[in-house]
Protein chains: 2
Amino acid sequence: MTDETRAWQTVLRSVETDLLAGVLKPGDRLPGERALATDLGVGRSSVREALRVLEVLGLIRTATGSGPSSGAIIVSTPRGGMSALLRLQVAASGFAVADIVDTRLVLETSIAATLARHAASGTAPKLTESESLLDAMEDASLSPAEFLALDARFHASLAEAAGNQVIVATMAGLRDSIESYVVAGVPTLPSWPDAVARLMREHRDILAAVRAGDADHARGVVHDHITGYYAETGLSGSAAAAASPHSAPTSTEGPIA
Amino acid sequence: MTDETRAWQTVLRSVETDLLAGVLKPGDRLPGERALATDLGVGRSSVREALRVLEVLGLIRTATGSGPSSGAIIVSTPRGGMSALLRLQVAASGFAVADIVDTRLVLETSIAATLARHAASGTAPKLTESESLLDAMEDASLSPAEFLALDARFHASLAEAAGNQVIVATMAGLRDSIESYVVAGVPTLPSWPDAVARLMREHRDILAAVRAGDADHARGVVHDHITGYYAETGLSGSAAAAASPHSAPTSTEGPIA
DNA sequence: CGACCGCTGTGGTCAGACCATAGTGGTCAG
DNA sequence: CTGACCACTATGGTCTGACCACAGCGGTCG
């Protein structure tokens with residue numbers, strides 16, 4: 001029982017403690033695989049398994065060759081890991097697409113409300129990137145896939161403007177995990193150009209509501225925007241419709257999230 | 001450049017496509033590592049790296065020995081993967097604790113509102129587990145760590161009652177990722193018994209508000225519950241307090257996230 | 001008939017080898 | 001002195017083979 005933990009977990013834990021202790025910081029290089037192996041008393045293959053996990057989780061980036069930019073370098077790019085996790089769990093039926101959509105709805109309405117509050121309090125976040133993305137989406141020659149890619153970036157830009165990196169990464173992962181379902185839903189739309197027109201109008205409305213500082217309205221617009229598209233493509237979650245701020249007009253505040 | 005993808009990614013992609021195609025389902029056994037290696041034309045070590053990723057992500061469970069329960073078996077336990085991802089990202093400074101707290105706030109208020117709506121619409125979810133957890137927490141002989149563990153389970157039980165597995169897993173991960181910070185904050189409290197008393201009162205209030213079907217009230221109670229504790233321990237997000245539906249009815253609202 | 005025991009297949013781990021890559025530093029021609 | 005070139009070296013990426021621990025399975029023997 002002295003050595004119950006598996007060898008690769010030893011490596012993982014070592015890196016984690018070093019991170020927490022400040023020995024390792026973003027930008028630092030990890031010791032080489034061979035050095036780690038001898039230092040920790042495990043085989044190089046076990047080290048590699050741990051590094052592979054760290055890489056997929058977005059904690060490190062590996063590069064061959066020599067020099068300062070080679071080896072395993074601590075980065076902090078949670079999006080890839082979040083995407084991989086959610087995507088694979090969806091594939092394995094661990095997550096239902098409807099739950100993904102509902103979660104995205106929760107987060108995105110929260111983002112809109114936050115941005116609106118920022119605008120109302122004077123500290124207006126710069127939404128120039130969101131704006132230029134919308135302009136780029138006006139191009140009628142875009143294919144559905146291209147349009148949806150810009151659409152995703154637009155929503156991501158809103159999340160980034162809100163400032164919560166956890167939500168940014170989660171949103172990106174949620175979106176990525178159901179990307180195939182989104183694009184697969186395009187042919188089921190009655191009319192793609194009509195859908196584009198509606199989406200663009202709603203995008204402009206979202207931006208306007210956010211800029212106006214009306215949190216509740218922004219929330220409602222975003223809610224309808226998301227549920228509208230997923231309803232058209234048959235992916236809507238059960239709870240989404242009931243959670244609409246519009247269907248609960250008596251409340252002053254509406255759902256925060 | 002035809003073979004840019006690394007060997008372990010080949011394995012990962014193979015498993016993913018098999019999952020999406022229905023060839024693999026939860027409960028199924030993966031082929032043995034040696035078989036996978038020869039089938040995919042890669043080395044066994046590469047297969048192991050991919051399996052390690054799948055294991056950490058909560059997609060498979062591995063066991064030695066022989067028989068039907070051995071080998072790599074498809075499971076869908078996203079919680080472990082979510083916890084590992086968030087915890088390591090926090091360690092690597094990829095995620096700020098304040099952002100974790102704020103995200104938890106967003107999700108948990110959403111959960112409370114959903115549960116209240118369920119109750120209001122007659123389809124009352126069974127909160128018997130939440131109730132019994134609260135009863136167990138009344139035990140005054142519990143240590144802070146034990147109490148907080150039950151506290152976490154209480155909140156998790158609410159999330160489960162709401163039914164969204166993505167939110168359940170995310171909530172669990174968020175909580176796990178900052179667990180060390182939560183317990184570290186206990187000594188900074190003015191009085192632990194007082195804190196327990198307040199938390200318990202708030203827990204009962206949450207349950208009552210949810211059962212009453214008042215979504216807005218439930219949201220507010222949960223909001224104050226979470227922000228209250230984190231504020232006492234100095235972990236509160238910058239915007240959390242300002243976003244309260246109670247404390248900011250007018251205009252001085254700050255950012256949520 | 002039942003307990004026992006070896007066989008076999010599984011993951012877990014290690015060691016060694018080889019390859020591709022990319023800096024690094026020295027060499028040599030101009 | 002300068003610059004292009006090239007061997008060297010350190011790095012990750014991969015494969016192979018080997019061995020171990022474990023757990024079920026099935027034949028064997030009392």
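Here, residues in each chain are numbered from 1, in the same order as that chain's written sequence. Naming scheme: in the order in which they are written, chains are lettered from A and ligands are numbered from 1. The predicted origin of the model limits local features to residues at a pLDDT of at least 70 and limits the giving and counting of side-chain atom pairs to 80 or more, whereas totals for whole chains, interfaces and linings rest on all residues. As a convention, hydrogens and water are excluded, and side-chain values are obtained from all of the structure's heavy atoms.

Chain A appears in an unreviewed UniProt entry as FadR family transcriptional regulator from Labedella populi.

A.B. asks: An account of the interface of chain A and chain B is requested, with residue identities and associated values reported.
C.D. replies: In this analysis, two residues are considered to be in contact whenever any of their non-hydrogen atoms come within 4.5 Å of each other. Taken together, the 62 residues of chain A in the interface contact 59 residues of chain B. Counted as salt bridges are all cases of a side-chain nitrogen of Lys or Arg within 4 Å of a carboxyl oxygen of Asp or Glu. Where chain A packs against chain B, one counts eight salt bridges. Close ionic contact of Glu49 of chain B with Arg48 of chain A constitutes a salt bridge, the shortest N to O distance being 3.0 Å. For the purposes of these results, a polar contact is taken to be a pair of N or O atoms within 3.5 Å, where, inside protein, one atom must be able to donate a hydrogen and its partner to accept one; residues adjacent in sequence count only when each atom of the pair is a side-chain atom. Applying the counting criterion to the chain A and chain B interface returns 22 residue pairs in polar contact (both at pLDDT 80 or more).

A.B. asks: Lay out the protein's contact with DNA strand D with the relevant residues and their values.
C.D. replies: The near set for a molecule or strand comprises every residue that places at least one heavy atom within 4 Å of it. Taken together, 29 residues form the shell around DNA strand D, and within it Arg48 of chain A together with Arg6, Ala7, Gly43 and Ser46 of chain B come nearest. Sugar and phosphate atoms constitute 59% of the interface atoms of DNA strand D, taking the interface as everything within 4 Å of the protein. Here Arg52 of chain A contributes a side-chain N or O atom positioned 3.2 Å from a phosphate oxygen of DNA strand D. Here a base nitrogen of DNA strand D sits 3.2 Å away from a polar atom, N or O, in the side chain of Arg44 of chain B.

A.B. asks: Would you mind going over the confidence of the model for chain A in detail, with residue names and values included?
C.D. replies: Residues and elements named next belong to chain A. Confidence of the predictor in every single residue is expressed as pLDDT, which spans 0 to 100. Across chain A, the average pLDDT comes to 89, with 90% of residues at 70 or higher. Helix 3 (residues 44-56) holds the highest mean pLDDT among the elements of chain A, 98, whereas helix 12 (residues 238-242) holds the lowest, 47. Low pLDDT, under 50, characterises residues 240-257; the stretch is placed with 43 contacts to residues that sit more than four places away or in other chains. Helix and strand definitions here come from DSSP, where helices need a minimum of 4 consecutive H or I residues and strands a minimum of 2 consecutive E residues; each element is numbered from the N-terminal end.

A.B. asks: Residues and numbers for the relation of the copies chain A and chain B, please.
C.D. replies: Least-squares superposition aligns the copies on the C-alpha atoms of those residues with pLDDT at or above 70 in both. Least-squares fitting of chain A to chain B yields an RMSD of 0.1 Å, with the superposition described by an axial translation of 0.0 Å and a rotation of 180°. Taken together, the turn and the small shift mark the pair as related by a two-fold rotation axis. Interface residue correspondence from chain A to chain B reaches 89%, placing this contact among same-surface, isologous pairings.

A.B. asks: Quick one: what's the story with the pattern of salt bridges, residue by residue and with numbers?
C.D. replies: Counted according to the given criterion, the structure contains 33 salt bridges over all chains. For Glu16 of chain B, the salt bridge goes to Arg87 of chain A, with nearest N and O atoms at 2.6 Å. Highlighted residues: Glu16 of chain B in helix 1 (residues 7-21) and Arg87 of chain A in helix 4 (residues 78-91), drawn from two different chains. Burial classes: relative accessible area under 20% of the type maximum marks a residue as buried, over 50% as exposed, and values in between as partly exposed (1.4 Å probe, protein chains only). For Glu16 of chain B, a relative accessible area of 14% gives the class buried. Salt-bridge contacts for Lys25 of chain B lead to Asp28 of chain B; the nearest nitrogen and oxygen are separated by 3.8 Å. Overall, the relative accessible area of 44% leaves Lys25 of chain B in the partly exposed class. Under the relative-accessibility criterion, Asp28 of chain B is labelled partly exposed at 23%.

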